[in-house]
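Overview (structure and organization)
Single-letter residue listing:
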Amino acid sequence: MLIDRAVVEVRSGKGGNGAISFLQERCMPKGGPDGGNGGKGGSVYLVAKRNVNTLLAFRHSKVIEAKDGEKGDKKLRYGRAADDVFVEVPVGTVVTLESDGSFIADLKHEDDMVRVAKGGRGGRGNAAFKSSRNRIPRVAENGLPGERKRIILELKLVADAGIIGLPSVGKSTLLNIVTRANVETADYPFTTVVPNLGVVTLKDGNQFVLADMPGLIEGAHEGRGLGITFLRHIERCRVLLHVVSMDGERDPYEDYVAINEELKLYGNDLEKRPQIVVCSKMDSDNAEELKAEFEKKAKVKTIGISALTDQGVELLMKKTYELIQKTPEFKLFKEEEEGGMRVYDAHKDKKEEIFVVSKPSDHLWVIDGDRLMRTYAIINLSTDEGVAKFLAYLDKIGLEDELRKRGAETGDTVRIADFEFEYSE
């Protein structure tokens, strides 16, 4: 079963908390801080592998999760870092963020790898805060939380050329002849229900990958037939072999126009891909007359082929290879043109506010913001020094001035996550 789209949630591990500890040994009466740092949380990576050819594994496994790092310990012992999680996906998998469709990566080569969720950094133990001014620090950091996001995995077959056309025009038969792919063929529509790949080897030894796409019909871009499911697989093809039948059962020109219109309506500039128009079933009666009439209407040159007599097949494969060599690879996303694969950063290219103030009710102020929350998450508030450090940070970022501007009064409650304090001027 070909599963070519899946939505999964990825969760990286939280970093381990730093330890608050003091050395107590008989030979060292003065002792000192010896709390170790926490370990790094595990990250989640996707790795492209050719031995994986479907996203079936993600049909039921909806969550990919890495473990948390271990907390630090006394005697400067670091917490153990959690192992990273590496998940294999098919070559040709495109990764996007579900929330806004942002591009994350296009894993189109063997062993391409992308980190989709970064593990949290381990918190520092109190030994890291020792200084000449603070010889006995009673403060440590918590580990940074891991990331949690929902991503979309879409398999877009990696093929140099794709065979397109209405059902029953001979696409699968052509693939079988030139690649020995043994694709099922029959005299009824939609025999092919999944894309099929094969490798074409020319007489001079050159090779290219050819894909047979399930038959498109009018309205495919809106979900009719099988087209909406498999149009995405055409996106990687440098060259399209547009097959129209000369058996006289349908008007080849109308079929040709209908398929090109579907490519245009689907988007991603599919209609701009170089096409070789192939007239199939040239062994039929009046095929030559139909071919000449079609070329005149469509204003294109075609290559006629016959599966029965092998007419034109070798020439077609040679022309296809030559056109592939002249055609550059198409980029699926603008982000690829700007520098290739990258890890999605929700804060890139925009100024990030440190905190956001809201007033849900009288005498209650709620403070939020990603940067503030990241700092809040790492400060250990279980000690007086930790609380003092956090309040000093709030003063540094100008929270008190902002509250005063907004009309905060002495006695009002200020809430940051589950931490509350009373405002006073």
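Not measured: the values here are computed from a predicted model.

If you tally the helices and strands in the protein chain, you get 9 helices and 20 strands. A buried classification covers 46% of the 425 residues belonging to the protein chain. For the protein chain, restricting intrachain contacts to residue pairs at least 6 apart in sequence, the fraction spanning at least 24 positions comes to 70%. When the accessible surface of the protein chain is split by element, carbon and sulfur atoms take 46% of a total near 22,700 Å².

Take the packing of aromatic side chains next. Counting across every chain of the model gives 7 aromatic pairs. Here Phe-390 and Phe-419 contribute two aromatic rings whose centre-to-centre distance is 5.4 Å and whose plane-to-plane angle is 80 degrees, an arrangement assigned as edge-to-face. Placement of the pair is Phe-390 in helix H8 (residues 384-396) and Phe-419 in strand S20 (residues 419-422), with a sequence separation of 29 residues. We note that Phe-390, like Phe-419, is buried. Through successive ring pairs, a cluster of aromatic residues spans Tyr-376, Phe-390, Tyr-393, Phe-419 and Phe-421.

This part is about the sheet that holds S20. Strand order in this open sheet of 4 strands is S17-S18-S19-S20, and the pairing throughout is mixed. Each edge of the sheet is formed by a strand with only one pairing partner; in this case those strands are strand S17 (356-361) and S20. Taken pair by pair, the neighbouring strands of this sheet meet at an average axis angle of 25 degrees, ignoring direction. Helix H7 (residues 370-378) rests against strand S18 (364-368), strand S19 (413-416) and S20 of the sheet, and its axis sits at about 90 degrees to S18. In the packing of H8 onto the sheet, the strands contacted are S19 and S20, and the crossing angle to S20 comes to about 70 degrees.

Taken in spatial order, the 5 strands of this open sheet run S5-S1-S10-S7-S8, and their pairing is mixed. With one partner strand each, in any of the chains shown, strand S5 (63-65) and strand S8 (103-107) form the two edges of the open sheet. Neighbour-to-neighbour, the strand axes of the sheet open up by a mean angle of 25 degrees, direction not taken into account. Bridge count for strand S1 (residues 5-11) against strand S10 (residues 148-155) is 7 bridges, and the pairing is antiparallel. Note on S10: the bridge partner recorded for Arg-11 is Arg-148.

Before going further, it helps to examine the environment of Asp-100. By secondary structure assignment, the location of Asp-100 is in the loop between strand S7 (93-97) and S8. Polar contacts involving the side chain of Asp-100 include one to the side chain of Ser-102, which spans 2.6 Å.

Our next topic: the nonpolar core. The tendency in soluble globular proteins is for nonpolar side chains to be buried as a group. With 33 residues, the main nonpolar core has Phe-208, Leu-210, Leu-241, Leu-316 and Met-317 as its most contacted residues. Within the residue set of this core, elements represented by two or more residues are strand S11 (161-164), helix H1 (171-179), strand S13 (207-212), strand S14 (239-245), helix H3 (252-266), strand S15 (275-280) and helix H5 (313-326). Counting residues per element, this core draws most heavily on H5, which supplies 5 residues. Excluding residues within four positions of it along the chain, Met-317 makes contact with Val-178, Val-200, Leu-202, Phe-208 and Leu-241. Membership of the second largest hydrophobic core comes to 26 residues, among which are Ile-3, Ala-48, Ile-104 and Ile-151.

Think of an α-helix as turning once every 3.6 residues; residues three or four places apart then point the same way. Compared with the 21 Å implied by 1.5 Å per residue over 15 residues, the 21 Å span of H3 between its first and last C-alpha is a close match. Those residues of H3 lying buried are Pro-252, Asp-255, Tyr-256, Ala-258, Ile-259, Asn-260, Glu-262 and Leu-263. Summarising the contacts, the buried residues of H3 are in contact with S11, S14, S15 and helix H4 (287-298). Between the side-chain oxygen at the start of H3 and the backbone nitrogen of Tyr-253 there is a gap of 2.9 Å, and the oxygen is on Asp-251. Of the residues one or two after H3, Gly-267 is the one with positive phi, at around 100 degrees.

It is worth spelling out unusual backbone geometry at this point. A positive phi angle, near 60 degrees, is found at Lys-75, a position not held by glycine. In this fold, Lys-75 is placed in the loop between S5 and strand S6 (85-90). One non-glycine residue with positive phi stands out, namely Asp-310, at about 65 degrees. Turning to its location among the elements, Asp-310 is positioned in the loop between strand S16 (302-304) and H5.

This next bit is on the packing of H7 against H8. Where H7 meets H8, the axes come as close as 11 Å, and the angle between the chain directions of the two elements is 160 degrees. Considered as vectors, H7 and H8 are oriented roughly antiparallel to each other. Here H7 runs over H8; the crossing is right-handed. Residues Arg-371, Leu-372, Thr-375 and Tyr-376 of H7 form the contact with H8, whose own contacting residues are Phe-390, Tyr-393 and Leu-394. Residue composition of the contact of H7 with H8, by class: 5 nonpolar, 1 polar and 1 charged.

Right, let's get into the packing of H3 against H4. Closest axis-to-axis distance for the H3/H4 pair is 9 Å, and the angle between their directions is 40 degrees. Considered as vectors, H3 and H4 are oriented oblique to each other. Between H3 and H4 lies a crossing of right-handed hand. Taking contact as the criterion, the partners of Pro-252, Tyr-253 and Tyr-256 in H3 are, on H4, Phe-294, Lys-297 and Ala-298.

We now examine the confidence of the model for the protein chain. Of all residues in the protein chain, 86% attain a pLDDT of 70 or more, and the chain-wide mean is 83. Across residues 184-193, confidence stays below pLDDT 50; counting only partners more than four residues off in sequence or on other chains, it has 24 contacts. Segment residues 337-350 is flagged for pLDDT under 50; beyond a separation of four residues in sequence, or across chains, it makes 26 contacts in the model.

What follows deals with the pairing of S8. Of all the 5 residues making up S8, 5 are buried; the element is thus mostly covered by neighbouring parts of the structure. Where S7 and S8 come together, 4 bridges link them in antiparallel fashion. Among the inter-strand pairings, Val-94 is bridged to a residue of S8, identified as Asp-106. Hairpin connection, S7 to S8: the antiparallel pair is bridged by 5 residues, and Gly-101 has positive phi, about 75 degrees.

Conventions and cut-offs
Each chain has its residues counted from 1, running along the sequence as written. Where local features are concerned, this predicted model is filtered to residues with pLDDT of at least 70; where side-chain atom pairs are given and counted, the filter is 80 or more; whole-chain, interface and lining totals use all residues. The basis for every side-chain value is the complete set of heavy atoms in the structure, and neither hydrogens nor water enter the calculation. Only DSSP runs of H or I reaching four residues or more are called helices, and only runs of E reaching two or more are called strands; each is numbered from the N terminus. When a residue's accessible area, from a 1.4 Å probe over protein chains only, is under 20% of the maximum for its type it is buried; when over 50% it is exposed; and in between it is partly exposed. What makes two residues a contact is simply this: any of their non-hydrogen atoms within 4.5 Å. Throughout, the Shrake-Rupley method with a 1.4 Å probe supplies accessible areas, and for residues the shown protein chains are the sole cover considered. Here is the rule: rings of Phe, Tyr and Trp (six-membered ring for Trp) pair when centre to centre is within 6.5 Å. Planes less than 30 degrees apart are stacked, more than 60 are edge-to-face, and the remainder are tilted. Between any two strands, pairing holds if DSSP finds at least two bridges. In this analysis, axes come from line fits to C-alpha atoms, helices being fitted only over the stretch in contact, and the angle between any two N-to-C directions falls in the range 0 to 180 degrees. We call two N or O atoms a polar contact when they sit within 3.5 Å, provided that within protein one can donate a hydrogen and the other can accept it, with sequence-adjacent residues counted only if both atoms are side-chain atoms. To define a nonpolar core, start from buried Ala, Val, Leu, Ile, Met, Phe, Trp, Tyr and Cys residues and group those joined through side-chain atoms within 4.5 Å. Take the residue count of a helix, subtract one, and multiply by 1.5 Å to get its expected span. The labels follow the angle: roughly parallel below 35 degrees, roughly antiparallel above 145, roughly perpendicular from 65 to 115, and oblique for the rest. Each crossing is labelled by how the near helix is turned from the far one, with a counterclockwise turn of less than a right angle marking it left-handed and a clockwise turn marking it right-handed. Residues are grouped as follows: nonpolar covers Ala, Val, Leu, Ile, Met, Phe, Trp, Tyr, Cys and Pro; charged covers Asp, Glu, Lys and Arg; every other residue, Gly included, is treated as polar. Scored from 0 to 100, pLDDT reflects the predictor's confidence in each residue.

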